Every structure is written in structure tokens, then in C-alpha cells.
Amino acid sequence: MTTVTAAPPTYDDVQVVVPAPGPGAGNWAGAASAVLVDGEFWLTWRVRRPLTDGRGVSVVVARSGDGVVFEPVAEVAREAFGAESFERPVLVPLREGGWRLYLSCATPGSKHWWVDSLTADTVEGLPDGVRRRVHEGDRDTGVKDPVITVGEDGYEMWLCCHPLDEPGHEDRMTTRRLTSADGLEWEDRGEVLAGRDGQWDARGARVSAVLPDGTVLYDGRPDAESNWFETTGVATWDGAALTRSAQPPIASPHSDGAFRYATAVPLPDGRVRYYVEAARPDGAHDLVTCVR
């Protein structure tokens with residue numbers, strides 16, 4: 001089995017990259033993904049307001065030379081996709097050239113989600129890029145918050161799935177692994193992570209980051225009341241199965257404790273820069289970064 005070597009993120013010494021769009025609970029900047037390409041950091045995140053003010057309203061893509069101060073270069077509004085809300089986006093530099101932005105879209109008037117995409121030659125061109133449905137989910141499953149890695153053989157997706165078979169319990173989460181040659185047509189390889197009865201992740205488990213050394217970070221929560229306030233667990237992927245660490249989940253020391261949607265960027269010096277959605281004292285969530 002691969003030995004976990006990447007030190008996980010913690011709230012200690014974090015820097016705020018994107019502040020919440022307003023004060024108080026429900027105002028969140030986060031659900032981010034990031035990549036380092038030719039010395040530049042590319043970051044994408046969703047902007048979310050409280051339920052009464054529209055939920056996930058847009059996705060922003062930005063560029064940075066130092067990984068801390070970002071300049072927005074593109075933005076996509078949920079209205080362009082007929083979505084009631086946005087959740088985690090993923091920005092991917094394609095093996096064949098160009099860029100693709102994957103978007104988690106909420107079906108209006110339901111608990112269902114699907115994954116869509118935009119493809120363009122440049123990041124700036126993504127809002128007007130070629131649109132393609134990536135994963136529909138189905139009548140009994142909402143799909144969202146993908147984690148996508150690019151390898152020599154193609155693309156790998158870790159997809160969060162929400163079962164819709166029990167009304168009022170659609171917040172439950174599992175993670176499935178998929179593979180693809182082109183990043184558009186995917187083959188489902190099966191479930192790799194789910195909740196554990198009686199544990200801190202009993203209500204569900206959502207992979208949030210996969211590092212080259214086999215370190216995996218995932219979001220979990222113990223109950224339905226903790227929805228939106230997930231904390232981060234650590235696991236190891238050996239190419240066939242995920243093994244969870246016995247360490248307690250990583251949380252913010254503030255308000256609801258949320259420390260979720262961690263994304264990881266391996267750095268040339270062997271360290272890792274993390275971006276995490278973290279709770280602050282007033283209940284809002286900032287997008288923060290740290291290096292470990």
C-alpha cells in the first residue's frame with residue numbers, strides 16, 4: 001500500500017484568498033479546485049449566498065503568480081445553465097490542449113444535481129466555450145462535486161453521489177470512481193467511499209482531493225444537521241481501495257466548524273498548497289490557503 005506522505009491542511013496560519021460574499025451564515029466562498037500550470041496557479045470556486053438570497057449564484061476562475069493573490073479572468077452565471085444553484089467547479093488543463101471547466105448544477109425544483117462542462121482553447125474563453133453534458137445522474141441519484149485528475153492514460157473522476165430514494169434524506173453522500181479517455185465519456189468503476197455507522201462520517205463521505213502519493217482528503221459529517229458544515233478526513237488510495245486514517249477529522253475552530261472541499265496543488269519543492277472552505281467566527285465561510 002502507498003504510504004501517506006503529504007501533510008494534510010489545518011486551520012493554523014491560513015491566509016484568506018477569497019472572503020465570503022457577505023457576513024453571517026450561508027455566505028460562502030469555497031468549493032474550489034486549483035491547478036499549477038507553467039508556474040501559474042489557476043483557481044475556480046463557487047460564490048454562494050444564503051438560501052433566501054439565491055444559493056450558488058456563480059463560478060469564478062482566477063489566476064495568480066504566488067497562489068495567494070488572484071486576478072479573476074472568467075465568470076459563469078448559473079442562469080446560463082438553467083441551474084437553481086452551483087456547487088463545486090473543476091478546472092482542468094486538457095491532455096490534448098485547451099481547458100475544460102466542469103460545473104455542478106442543481107436541477108430546479110428538486111434535489112437532483114448533474115455535471116456539465118465548458119471547453120475552450122483558453123481559460124478566458126470558457127464562458128463562451130463548447131457546452132457538453134458530462135453526467136446526468138438519474139432519477140434516484142444526484143451527482144455533483146467531481147474531483148478530476150489527469151494521467152498518462154486519461155482522466156479519473158471521483159464523483160459525489162446523493163441517493164434520492166428517501167424524501168428528506170437526500171443529503172446523504174457516497175463517492176464513486178470513474179475513468180475516461182477524453183474527459184467526457186466516463187466508465188463507472190464503482191463505489192469507493194461511503195458513510196460508516198456510528199462514526200464522524202456516518203452521514204456520508206465525499207472525496208475532495210487526490211494527491212500523486214496516494215493521499216486522499218474527503219468531507220464527512222455525522223448527521224443531517226451537519227449538512228454544509230463538513231470536516232476533512234484523510235485516507236490512502238492504493239489503486240484499488242481507499243483506507244481511512246484513524247486520525248480525527250480536521251475542523252475550523254470557529255462557528256459551525258466547517259473545513260471542507262479541500263483541494264491540493266503539489267508544489268515543485270515537494271510541499272503542497274491547499275485551498276479549503278473554512279468557517280469563520282460570524283458563520284460565513286472564507287476560501288483560505290496554507291502550505292504544508
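Just above sits the structure.
This structure is a prediction, so every number in the text was calculated from the model and none was measured. (Residues numbered from 1 in each chain as written. Predicted model: local features only at pLDDT ≥ 70, side-chain atom pairs only at ≥ 80, totals over all residues. Heavy atoms only, no water.)

### A look at the overall build of the protein chain
Right, so step 1: The helix and strand inventory of the protein chain stands at zero helices and 20 strands.
Right, so step 2: The C-alpha radius of gyration of the protein chain comes to 17 Å, within 12% of the 19 Å expected for a compact globule of 292 residues.
Right, so step 3: Projected onto its principal axes, the C-alpha positions of the protein chain cover 45 × 45 × 40 Å.
Right, so step 4: Counting every position in the protein chain, which comprises 292 residues, the buried fraction comes to 58%.
Right, so step 5: For the protein chain, the exposed area adds up to about 11,900 Å²; of that, 49% sits on carbon and sulfur atoms. (Helix = DSSP H or I, 4+ residues; strand = E, 2+ residues; numbered from the N terminus. Rg over C-alpha atoms; globule rule 2.2 N^0.38 Å. Buried < 20%, exposed > 50% of the residue type's maximum accessible area, 1.4 Å probe, protein only. Areas by Shrake-Rupley, 256 points an atom, 1.4 Å probe, with all protein chains shown as cover.)

### What to know about the pattern of salt bridges
Right, so step 1: A full pass over the atoms with the stated rule returns 32 salt bridges.
Right, so step 2: Notably, a salt bridge pairs Arg 172 with Glu 166, separated by 3.6 Å at the nearest N-O pair.
Right, so step 3: Put simply, Arg 46, Glu 87, Lys 144, Asp 145, Asp 171, Arg 203, Arg 206, Asp 219, Arg 221, Glu 230, Arg 260 and Glu 277 are held in one network by salt bridges that share partners. (Salt bridge = Lys/Arg side-chain N within 4 Å of Asp/Glu carboxyl O.)

### Overview of the sheet that holds strand E12 (residues 174-180)
Strand pairs in the sheet, formed through backbone hydrogen bonds, run parallel or antiparallel to each other.
Right, so step 1: Sheet architecture is open: four strands sit in the order E10-E11-E12-E13, paired in antiparallel fashion. Strands with a single pairing partner mark the edges of an open sheet, and in this sheet they are strand E10 (141-151) and strand E13 (187-193). Averaged over neighbouring strand pairs, the angle between their axes works out to 25 degrees when direction is ignored.
Right, so step 2: Of the strand pairs in this sheet, strand E11 (residues 154-163) and E12 are connected by seven bridges, and their pairing is antiparallel. (Pairing = 2+ DSSP bridges. Axes fitted to C-alpha atoms, helices over the stretch in contact; angles between N-to-C directions.)

### A few points about the pairing of E11
Right, so step 1: Summarising burial for E11: nine of the ten residues are buried, a large majority.
Right, so step 2: Pairing of E10 with E11 involves nine bridges; the strand directions are antiparallel. Counterpart to Thr 141 in the pairing with E11 is Pro 163.
Right, so step 3: The antiparallel pairing of E10 with E11 creates a hairpin that spans two residues between the two strands.

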